[in-house]
Amino acid sequence: MSRIFDRYVSKAREILSRNWTGSYTKPSPSLYPHQWNWDTGFIAIGKAHYDTREAEAELRALFSAQWSNGMLPQIVFNPEALGHYFPEPDFWRTDRSPHAPAGKMTSGITMPPLHAVAVEKILLNTRNQAKLEPFLQWIYPRILALHEYLYRERCPNGDGLVFIRHPWESGIDNSPAWDPPLQAMEIDSKALPPYTRKDTDHVAAWMRPTDRDYDRYVFLVDLFRTLQYDEKEIRQRCPFLIADPLFNSILCRANRSLSNIAEAIGQDPSVPLQWEAATAEGIRDRLWCPERRNFYPFDMVSGNLIYEDTSSGFLPLYAGAATRDQADALYQRIDSLSFCALHQGNCYTIPNYDTRAEGFERANYWRGPVWININWMLADGLARYGYNLKADSLRRDLLQLPIRFGFHEYFDSFTGTGYGSDDFSWTAALFIDLVQEYYRQAPAGRPLRRAFRALTAPAVILNSGTKLPSCPPNELAGELMKSIREMRRDFYDDRRGVVDYASLKGSEAFQHYRTLTNGLRMFDPGDLASEDERLAFWINLYNTVVVDGIVTLDVHRSVLEAPGFFRRARYLIGGRTFSPDDMEHGILRRNARPFGKPFKPFGPLDPRREWMIGSLDPRIHFALVCGSRSCAPIDYYDAGNLNAQLEEAARSFINSSEVMVFPEKKRVLLSEIFKWYEKDFGGRSGIIHFIRRYHASGEIGSYLGAHGPDLQFEYLFYDWNLNRWGR
Ligand code: GLC
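My aim in this report is to walk through the structure given alongside it, one point at a time. (Residues numbered from 1 in each chain as written. Predicted model: local features only at pLDDT ≥ 70, side-chain atom pairs only at ≥ 80, totals over all residues. Heavy atoms only, no water.)

What follows covers the packing of aromatic side chains. In the structure shown here, the tally under the stated rule is 51 aromatic pairs. Each ring, one from W38 and one from W426, has its centre 5.5 Å from the other, and the planes form 80°; the classification is edge-to-face. Residue W38 is found in helix α2 (residues 37-47), and its partner W426 is found in helix α16 (residues 425-438); the two are separated by 388 residues along the sequence. When the ring centre of F91 is taken as origin, the NZ or CZ atom of R225, which lies over that ring, is 4.3 Å away. One cation-aromatic arrangement involves R576 over W611; the distance from NZ or CZ to the ring centre is 4.4 Å. (Phe/Tyr/Trp six-rings, centres within 6.5 Å; stacked < 30°, edge-to-face > 60°. Helix = DSSP H or I, 4+ residues; strand = E, 2+ residues; numbered from the N terminus. Lys NZ or Arg CZ within 6 Å of the ring centre and 35° of its normal.)

In structure tokens:
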């Protein structure tokens with residue numbers, strides 16, 4: 001882990017320990033003094049990485065206040081912290097319900113049920129599963145009861161979709177999607193019980209819901225308490241009953257986690273699995289609008305979908321409930337100017353509401369800003385469907401925002417300014433999770449043994465087949481490039497930055513390519529006419545020998561599995577052998593020493609030197625694809641368009657999570673590629689200059705111009721996992 005991540009993980013842990021009350025963690029120091037339902041889920045997810053016992057305690061505290069009908073309250077009040085929040089127990093009057101727990105003070109509504117996901121995270125991270133067993137046995141029936149309650153009391157149509165009956169149940173309190181149903185509620189404000197808001201004592205009123213909204217929130221609470229929290233009565237009389245994609249997606253995903261927990265403790269997983277399937281189907285069929293190609297909340301009172309484009313509509317990706325076609329449509333929308341496109345510059349992705357919608361408000365709570373928890377789920381969902389580049393850009397922002405602007409509750413999508421409460425617990429917890437999941441350095445293993453195996457593993461000539469191509473030798477390079485282009489078209493997904501190795505392996509296109517490579521044995525690259533042709537030829541061949549090697553050597557998870565991969569997989573070209581290392585360091589880097597190795601690839605008399613490229617172009621480092629997640633996405637390089645393509649490759653990389661500039665810290669966090677090839681970029685000042693040239697943000701560009709030489713460099717751990725489809 002880089003030092004800066006280390007430091008901020010420590011900071012995040014400090015925040016969580018400051019907000020820890022002894023039995024649960026407050027969402028924030030003062031604005032939210034009690035225990036909140038889904039906050040606890042997110043907090044436990046962060047703590048699962050370093051304190052199983054506390055993660056467990058959080059969930060135990062929350063579930064100790066579960067109602068006897070299974071409902072898990074949105075808030076469990078801390079008797080010692082009363083007087084700073086509205087509404088409190090004296091207003092909720094949950095004692096009127098026969099189901100409310102004795103000896104606990106709670107609100108009378110619930111929240112998105114993330115708990116099973118959190119418990120699964122604890123299970124996956126614990127060092128001692130046996131010790132966790134009693135907790136799993138304790139919590140499993142309770143989560144099951146919660147989900148049962150939701151399907152029993154909140155699913156009137158039996159279509160797998162559960163409704164929320166108050167905006168606060170959604171977790172996204174003042175989402176613009178709640179405007180139409182709230183406006184449709186005819187209420188007499190004067191007849192409301194008297195109340196005083198407390199939230200605006202802590203945060204400016206213009207960043208919070210309006211008084212008009214609050215009147216409606218209060219009206220609903222008043223209705224529930226009048227009906228003594230009787231679910232049947234509420235179903236009949238409540239004017240706000242919404243099947244929201246966010247709530248249902250979390251429930252759907254949580255069912256999958258619940259089934260995994262069931263298996264871990266020897267219980268039957270079939271019920272949660274049936275629920276998962278039913279809710280996924282409900283989401284797909286009932287919340288999807290085919291004309292608008294997006295998911296929307298369904299208003300059960302009016303019978304209409306609510307056409308507001310908020311990020312809630314993207315959550316079916318997190319649940320895995322969207323079809324491939326639906327996912328593609330969501331991706332189009334997510335990666336557009338409305339929600340900050342990839343490399344748009346000066347924009348943090350994904351804001352909670354369409355930035356081009358009339359009602360978009362950049363600093364107002366759930367009406368525009370970027371929220372860490374939503375983006376954390378969306379990054380997971382995008383990766384699940386293979387949109388790795390976009391998922392990666394979200395993760396970059398999720399890490400940048402707290403480091404640059406503080407661990408706030410929410411952030412301005414355009415400036416990054418943090419709003420709402422500072423030292424916000426779920427921002428801290430999910431930061432920890434992200435760093436641990438994606439930037440934790442894999443244990444080094446046994447480097448000596450690996451190095452020895454790498455040196456001694458035999459080379460494999462990949463183009464030693466007997467079948468020769470039918471084209472004349474002077475057309476071979478063209479045919480080969482054509483075949484690479486076709487394979488790329490059919491088996492590589494550049495939007496997602498991944499390769500479908502399994503299908504490629506069995507395809508005719510691959511067999512044809514293999515036949516053409518056999519012809520390389522008699523091919524003289526010196527015949528390639530121009531410098532651009534030579535450059536494109538070697539880049540494309542490098543990228544394909546890597547894919548060929550992955551397929552032939554049967555690599556599954558990482559090229560590191562095959563010791564000495566970049567030296568072993570070889571093509572015989574014009575009677576000389578070429579490994580990926582030879583192509584990269586010998587030909588394209590003009591016989592430069594690879595990082596950490598003692599020798600240059602070609603000795604003084606090596607005849608392969610005659611094919612070296614005329615001058616080293618550092619942009620090649622973003623075009624060469626080493627079969628790993630941290631590499632650039634694979635492209636086909638066309639000699640006629642080479643410069644523009646190399647520009648694009650460099651721009652994409654510089655604007656990905658592999659390069660993060662922190663002006664406030666006078667630091668740049670960057671891919672190890674820049675460490676390995678510092679010289680190719682012209683040293684550190686050359687690197688700064690290079691980043692400046694391609695960075696999409698004008699603000700960062702000018703900063704680098706003014707302060708470049710003062711910046712400290714820190715390097716990111718390189719993700720060697722295979723760039724294959726799926727996770
Ligand atoms: C606000 C948020 C909600 C969160 C709570 C405590 O009400 O809208 O999602 O759970 O604060 O952090």
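Text resumes after the structure shown.
Time to look at the sheet that holds strand β15 (residues 659-662). Within the open sheet, the three strands sit side by side as β15-β16-β17. Their pairing is mixed. Each edge of the open sheet carries a strand with a single partner, namely β15 and β17 (712-716). The mean angle between the axes of side-by-side strands here comes to 20°, regardless of whether they run parallel or antiparallel. Where strand β16 (residues 667-671) meets β17, five bridges bridge the pair, whose relative direction is parallel. Bridged to S671 within β17 is L716. (Pairing = 2+ DSSP bridges. Axes fitted to C-alpha atoms, helices over the stretch in contact; angles between N-to-C directions.)

On to the site of the ligand. Close to the ligand lie P27, Y32, W36, W38, D39, M111, G171, D173, Y365, W366, F424 and W426, which account for all nearby residues. Within the contact set of the ligand, an oxygen atom lies 2.7 Å away from a side-chain nitrogen or oxygen of D173. Within the side chain of W366, an N or O atom sits 2.9 Å from an oxygen atom of the ligand. Contact with the protein chains covers 98% of the free accessible surface of the ligand, which is 310 Å². A per-class count over the shell around the ligand returns nine nonpolar, one polar and two charged. (Near = heavy atom within 4 Å. Polar contact = N/O pair within 3.5 Å; in protein donor to acceptor, adjacent residues only side chain to side chain. Areas by Shrake-Rupley, 256 points an atom, 1.4 Å probe, with all protein chains shown as cover. Nonpolar A, V, L, I, M, F, W, Y, C, P; charged D, E, K, R; others polar.)

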